[in-house]
Amino acid sequence: MTAAVSAALAAMVAFTLVAPRLGDRLPPAAAARVLTIGSLVVAASTGFALSVLALTWLGQSPPIAWLAEWSASELDAASPVPAFVAIIGLALLSAASLRLVIRAARRGRALIDVHRAHHGTSNAVIVVDSEQPDAFTTPWPGGRIVLTSALLAALTPAEQRVVIAHERAHLRHQHAWWLLLADLAEAANPLLRPTVGVVQHAVERWADEEAALVIGDRTLVARTVARVALLRHDTNARQVAPAATGGHVPRRVQALLSARPRRQPWLTMALVLLLACSFLATFAVQRTGDALFDQVATVQDR
């Protein structure tokens, strides 16, 4: 079991180190999808491995052993995991679980607030009277594009079309939910923070590329992204609604002034291989864990 758990944790660390570098070189749509799914897989794999570690120690408690129908003394003798390692696993699992619950509660409350504030109309595009230049989308169901009067007043008609095309891409591909899932994965495993940063940037690049296709002028889209960023330079980024100034703006502008990104199948395959290693290692943890607990299983009525 120790070897299986070590392999699972090593696969997790390998993904957190390699995935952001590979994801930065992928086309934005592929990067957002693969890295978000990968983050969820790695977070779940890490949580499962830590759970098995913790259970080898918790299971030695007589009440838990009685409920699980195994022998506490036999588990103590048969467990290949040192007690201090299991206790560390329990501490990490508890901290990650608490962090995930708090993050999920905050994001859920923010989503409810966004829906209540901007879903009183059937219009797909809502203009609110505000001195704060802003543009963002609210998530499905009932997603809307929200623009402020200050932003519209500061942009030319052509630039307004760019912003709307950008936000429509966010709405069409449900980017708010991709960001939320990646954010929750990072809450469960803080080592995924660089990966989630790449996902946030990729989502904005994805919308940029879609806007460039709709507008047909990459230079105009690049100029609009830079202008909106300057208008909003002193504002705080939203947590649950993709905004026009998300990601790394200078890199977004530079990418728009270059050719459209090409597919990178080998990089995608490399990320899939990393996830396959994580899955196989987690499967090994599950098999060895089952074998251990089957070994110490007892029949309660004997």
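Because the structure is predicted, anything quoted here is derived from the model rather than measured. (Residues numbered from 1 in each chain as written. Predicted model: local features only at pLDDT ≥ 70, side-chain atom pairs only at ≥ 80, totals over all residues. Heavy atoms only, no water.)

Take the overall build of the chain next. A tally of helices and strands in the chain yields 12 helices and three strands. When its C-alpha atoms are laid out on the principal axes, the chain stretches across 80 × 45 × 30 Å. Within the chain, the proportion of its 302 residues that are buried is 44%. Carbon and sulfur atoms provide 63% of the accessible area of the chain, an area that totals close to 15,300 Å². Charged side chains of the chain number 27 positive and 21 negative; the gap between the two group centres comes to 8 Å. (Helix = DSSP H or I, 4+ residues; strand = E, 2+ residues; numbered from the N terminus. Buried < 20%, exposed > 50% of the residue type's maximum accessible area, 1.4 Å probe, protein only. Areas by Shrake-Rupley, 256 points an atom, 1.4 Å probe, with all protein chains shown as cover. Lys, Arg positive; Asp, Glu negative; His and termini not counted. Charge placed at Lys NZ, Arg CZ, Asp CG, Glu CD.)

All right, on to the confidence of the model for the chain then. Overall, the prediction assigns the chain a mean pLDDT of 86, with 91% of residues at 70 or greater. Element-level mean pLDDT values for the chain span from 80 in helix H4 (residues 72–78) up to 95 in helix H9 (residues 193–215). The model gives residues 236–240 a pLDDT under 50, and that stretch makes eight contacts with residues more than four places away or in other chains. (pLDDT = per-residue confidence, 0-100. Contact = heavy atoms within 4.5 Å.)

Another aspect to go through is the side chain of His 175. Within the fold, His 175 resides in helix H8 (residues 175–188). A polar atom in the side chain of His 175 sits 2.7 Å from the side chain of His 170. (Polar contact = N/O pair within 3.5 Å; in protein donor to acceptor, adjacent residues only side chain to side chain.)

What follows covers helix H7 (residues 157–172). Look at H7: 22 Å from first C-alpha to last across 16 residues, which is about the 22 Å you get at 1.5 Å a residue. Among the residues of H7, those classed as buried are Glu 159, Val 162, Val 163, Ala 165, His 166, Glu 167, Ala 169, His 170 and Leu 171. At the exit of H7 stands Gln 174, carrying a positive phi of roughly 55°. (Expected span 1.5 Å × (residues − 1).)

Moving on, we come to the packing of helix H1 (residues 2–23) against helix H12 (residues 265–295). The N-to-C vectors of H1 and H12 enclose an angle of 160°; their axes lie 8 Å apart at closest approach. As far as their axial angle goes, H12 and H1 are roughly antiparallel. For the pair H1 and H12, the sense of crossing is left-handed. For the pair formed by H1 and H12, the contact residues are Ala 4, Val 5, Ala 7, Ala 8, Ala 11, Ala 14, Phe 15, Val 18, Ala 19 and Leu 22 on the first element and Leu 267, Ala 270, Leu 271, Leu 274, Leu 275, Cys 277, Ser 278, Ala 281, Thr 282, Ala 284, Val 285 and Thr 288 on the second. Class assignment for the residues of the contact of H1 with H12 results in 19 nonpolar, three polar and no charged. (Axes fitted to C-alpha atoms, helices over the stretch in contact; angles between N-to-C directions. Parallel < 35°, antiparallel > 145°, perpendicular 65-115°, else oblique. Left-handed = near helix turned anticlockwise from the far one by under 90°. Nonpolar A, V, L, I, M, F, W, Y, C, P; charged D, E, K, R; others polar.)

A few words now on the sheet that holds strand E1 (residues 125–128). If you walk across this open sheet you meet the three strands as E1-E3-E2, and the pairing is mixed. Because the sheet does not close on itself, it has two edges, and the strands there are E1 and strand E2 (135–137). This sheet shows a mean twist of 20° between the axes of neighbouring strands, independent of strand direction. Note: E1 against strand E3 (residues 145–148), four bridges, orientation parallel. Along E3, the bridge assignment pairs Ile 126 with Val 146. (Pairing = 2+ DSSP bridges.)

What follows is about unusual backbone geometry. Non-glycine residue Gln 174 carries a positive phi angle of around 55°. Judged by relative accessible area, which is 25%, Gln 174 ranks as partly exposed.

We now examine empty space enclosed by the protein. By the definition in use, this model includes two cavities of 30 Å³ or more. If you add up the space inside the largest cavity, you get close to 70 Å³. Lining the largest cavity are 11 residues, with Val 162, Val 163, His 166, Thr 224 and Val 225 positioned closest to its centre. For the lining of the largest cavity, the secondary structure elements donating two or more residues are H7, H9 and helix H10 (218–231). Here the element with the most residues in the lining of the largest cavity is H10; it accounts for four residues. Its boundaries defined by the atoms lining it, the second largest cavity holds a volume of some 30 Å³. (1 Å grid on protein atoms, 1.4 Å probe; cavity = no way out; pocket = protein on both sides within 12 Å on 5 of 7 lines; lining within 4 Å. Points joined across faces, edges and corners; volume = space filled by probe spheres on them.)

What follows is about H1. Counted at 1.5 Å a residue, the expected span for H1 with its 22 residues is 32 Å, and the 31 Å between its end C-alpha atoms agrees. In the structure, H1 departs most strongly from a straight axis at Leu 17, where the bend amounts to approximately 30° and where the proline Pro 20 lies between one and four residues downstream. Turning to H1, its buried residues number three or more, namely Ala 4, Val 5, Ala 8, Ala 11, Met 12, Phe 15, Thr 16, Ala 19, Pro 20, Leu 22 and Gly 23. Among the structural elements, helix H2 (28–58), H9 and H12 are those in contact with the buried residues of H1. (Bend = angle between axes of the 7 residues up to and from the residue.)

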